[in-house]
Amino acid sequence: MGAEITLRDRFERGLAAPICLTWELTYACNLACTHCLSSSGRRDPNELSTDEATALIDEIAAMKIFYVNIGGGEPMIRRDFFTIVEHAVSRHVGVKFSTNGTRIDAAAARRLASTDYLDIQISIDGADALTSDAVRGAGTYDQARRAMDHLRDANFGPFKISVVMTRHNVEQLDDLAALADAYGAELRLTRLRPSGRGVDVWDALHPTAQQNRDLYRWLLDRPNVLTGDSFFHLSALGEPLEGLNLCGAGRVVCLIDPVGNVYACPFVIHDEFLAGNVRDRGFGAVWTESELFRSLREPGNPGACASCGSYDACRGGCMAAKFFTGLEMTDPDPECVFGHGETALAAKRVEIRPSPSPDHSRRTPVSLSAK
Amino acid sequence: MSLAPPVTFDAHAPWQLSAEVSLRDEAFGALAYHHGNRRLVFLKSPALVDIVRDLEKYPTAKDAIGAHVASSQRGAYERALASLARSEIIHGR
């Protein structure tokens, strides 16, 4: 019965199949959030068909991947959304999907409530409309709250409220927890990443060093708040946070995008981290045989962090946060709690930040009343 | 947020793997996922996986453990099963 550290090392060498598989169903979105990880907006004409999607679910079931995290884009925009979800559930693959809530009216809420093994995350990025709408667009907070009301009225049960932590909402942590409590919901906090369109707002929105310390202490006191292992870079501050506290990219985590491309994690939709496509030889072949994934499962090089006593706590932080801020994989995380990331960034003589590839952002402003 | 009543694990009682749980073998042991409470649990040794799978074949949990591991290790495996009972991965039968 090996110790915990052995298990963590095992995870870093990769598993037979992912634990956490994210599947972005579509790049189409009726919103245009400034920090969108997948630069979503326009539907990709090449996105997986209904038949391809259900075949992919059958393969996921055969690989004993217990649940998928469905996102987008706005997944409920797909006309076959319920077909796909219900097929997954019928194959005993649980579904957790992230939505902006705009498509959850009373009827949709009742249908969702009647489906087993289904979990919903509704996104807001602040405890009030002013804060949240600044990131997600005018009117979006109220729309999300109406979706929450519908789920509550339909007795859906404990859904999740998902919040990306920014400089403007760290001070609202208690209010966010109170909001979740009021709905009998679970609060889920994730890290802002400079991925997708997030690269444009990272400098202005990522929490300050002091806010990250406050967040860490707040999370330590609340082990029931979900984080998806998002803040393991903060575990270098002391006691580790809940979770595996490792970068799972290509090891226990990966992402399938709307056109079937497989990326190492949900935060690296970029050619550099493209492992293959499910249309070629299926998802399993990509997971087990991709050269990229194999290299990610090799023992990591601690690089600049080798001499830091906290390397074992944070393992150098988030690959995506480094990549999209122009750092090397062997550099510290840009939000390294000891400030080494800021030093590394300052040392770059010319700051080169990779731009998102692909980019499905709309070229024209979004009309937020449009459905 | 532990709302369920505490489960007491009695190694002298009959146990079984929950029908709501799926197991996936891994090099370290297995992943166990409870579709109802959405708990993901790691079974950290292949012997523990064998014990969990075989629980229903034995009159007591102790017998299932005895069939798979040496007596010096049995205490650790009883504690592991107690933990799985709390997560509802296994239940009495």
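In the block above lies the structure referred to throughout.
Just so it is clear, the structure is predicted and the values come from calculations on it, not from any experiment.

Things to note about the sheet that holds strand E3 (residues 29-34) of chain B
All names here are of chain B.
Right, so step 1: The antiparallel open sheet is built from three strands, whose spatial order is E2-E3-E4. Every interior strand has two partners, whereas the edge strands, strand E2 (21-26) and strand E4 (40-43), have only one. Strand-to-strand, the axes of this sheet are offset by a mean angle of 20 degrees, without reference to chain direction.
Right, so step 2: Two strands pair when backbone bridges link them, and E3 and E4 are joined in this way by four bridges, in the antiparallel orientation.

A few points about the sheet that holds strand E8 (residues 261-263) of chain A
All names here are of chain A.
Right, so step 1: Spatial strand order, E6-E5-E4-E3-E2-E1-E7-E8-E9: nine strands in an open sheet with mixed pairing. The sheet is open, and its two edges are formed by strand E6 (186-191) and strand E9 (274-277), each paired on a single side. When strand polarity is set aside, the average angle formed by the axes of neighbouring strands in this sheet is 25 degrees.
Right, so step 2: Two elements, strand E4 (residues 118-123) and strand E5 (residues 160-165), share three bridges in a ladder whose sense is parallel. From the neighbouring strand, Ile122 faces E5, where its bridge partner is Ile161.

A few points about the environment of A:Tyr27
Residue and element names in this part refer to chain A.
Right, so step 1: Here Tyr27 is to be found in the loop between strand E1 (20-24) and helix H2 (50-62).
Right, so step 2: Sequence-wise, Tyr27 and Ala154 are 127 residues apart; in three dimensions their C-alpha atoms are separated by 29 Å.
Right, so step 3: Ignoring any residue separated from it by four or fewer positions in sequence, one finds Tyr27 in contact with Ser38, Ser40, Arg42, Arg43, Asp44, Gly72, Gly73, Pro258 and His360.

Here's the deal with the pairing of strand E7 (residues 253-256) of chain A
All names here are of chain A.
Right, so step 1: Alternating positions in E7 separate into two faces, Val253 and Leu255 on one and Cys254 and Ile256 on the other, with burial throughout.
Right, so step 2: Direction of pairing for E1 relative to E7: parallel, over a ladder of four bridges. When the sheet's bridge partners are listed, Thr22 is paired in E7 with Leu255.

Some words on the environment of A:Gly316
All names here are of chain A.
Right, so step 1: You can see Gly316 is positioned in the loop between helix H12 (311-314) and helix H13 (319-324).
Right, so step 2: For the pair formed by Gly316 and Val199, sequence separation is 117 residues and the distance between their alpha carbons is 20 Å.
Right, so step 3: Those residues in contact with Gly316 that sit more than four places away from it in its chain are Pro302, Cys305, Tyr311, Pro332 and Asp333.

Some thoughts on the interface of chain A and chain B
Accessible area lost when the parts come together is the quantity often used to give the size of an interface.
Right, so step 1: Across the contact, 15 residues belong to chain A and 16 residues belong to chain B.
Right, so step 2: Of the residues in the side of chain A that touches chain B, the class split is eight nonpolar, four polar and three charged.

Quick look at helix H14 (residues 340-347) of chain A
An α-helical segment advances 3.6 residues per turn. Residues three or four places apart therefore align on the same side.
Right, so step 1: Looking only at H14(A), the buried set comprises A:His340, A:Gly341 and A:Ala344. The arc that holds the buried residues of H14(A), viewed along the axis, is 100 degrees, so those residues lie on one side.

Some points on the nonpolar core
Right, so step 1: One finds A:Val68, A:Tyr263, A:Ala264, A:Cys265 and A:Val268 to be the most contacted residues of the largest nonpolar core, which totals 122 residues.
Right, so step 2: Residues within four places of A:Ala264 in sequence aside, it is in contact with A:Ala249, A:Gly250, A:Cys254, A:Phe273, A:Ala275, A:Leu292, A:Phe293 and A:Leu296.

Thoughts on helix H1 (residues 46-54) of chain B
Right, so step 1: Restricting attention to buried positions, one finds in H1(B) the residues B:Leu48, B:Val49, B:Ile51 and B:Val52. The arc that holds every buried residue of H1(B), seen down its axis, measures 165 degrees, which confines them to one face.

So, how was this worked out
- Here the residue numbering is sequential within each chain, running from 1 through the sequence in written order.
- Chain letters start at A and ligand numbers start at 1, both assigned in the order the entries are written.
- Residue-level local features of this predicted model are given only where pLDDT is at least 70; pairs of side-chain atoms are given and counted only at 80 or more, and the full residue set underlies all totals for whole chains, interfaces and linings.
- A pair of strands is considered paired only if DSSP assigns at least 2 bridges between the two.
- A run of H or I in DSSP counts as a helix once it spans at least four residues, and a run of E counts as a strand once it spans at least two, with each numbered from the N terminus.
- Only C-alpha atoms enter the line fits that serve as axes; for helices the fit covers just the stretch in contact. Angles between N-to-C directions range over 0 to 180 degrees.
- In this description, a residue-residue contact is defined by the distance between C-beta atoms placed from the backbone, which must lie within 7 Å.
- Our exposure labels follow a C-beta count within 10 Å of each residue's own C-beta, placed from the backbone: buried means 20 or more other C-beta atoms, exposed means 12 or fewer, and partly exposed covers the counts in between.
- Each residue is assigned to one class: nonpolar for Ala, Val, Leu, Ile, Met, Phe, Trp, Tyr, Cys and Pro, charged for Asp, Glu, Lys and Arg, and polar for all the others, Gly among them.
- Note that the arc is defined by the directions from the helix axis to the C-beta atoms.
- Here, a nonpolar core denotes buried Ala, Val, Leu, Ile, Met, Phe, Trp, Tyr and Cys residues that are linked to one another through C-beta atoms within 7 Å.

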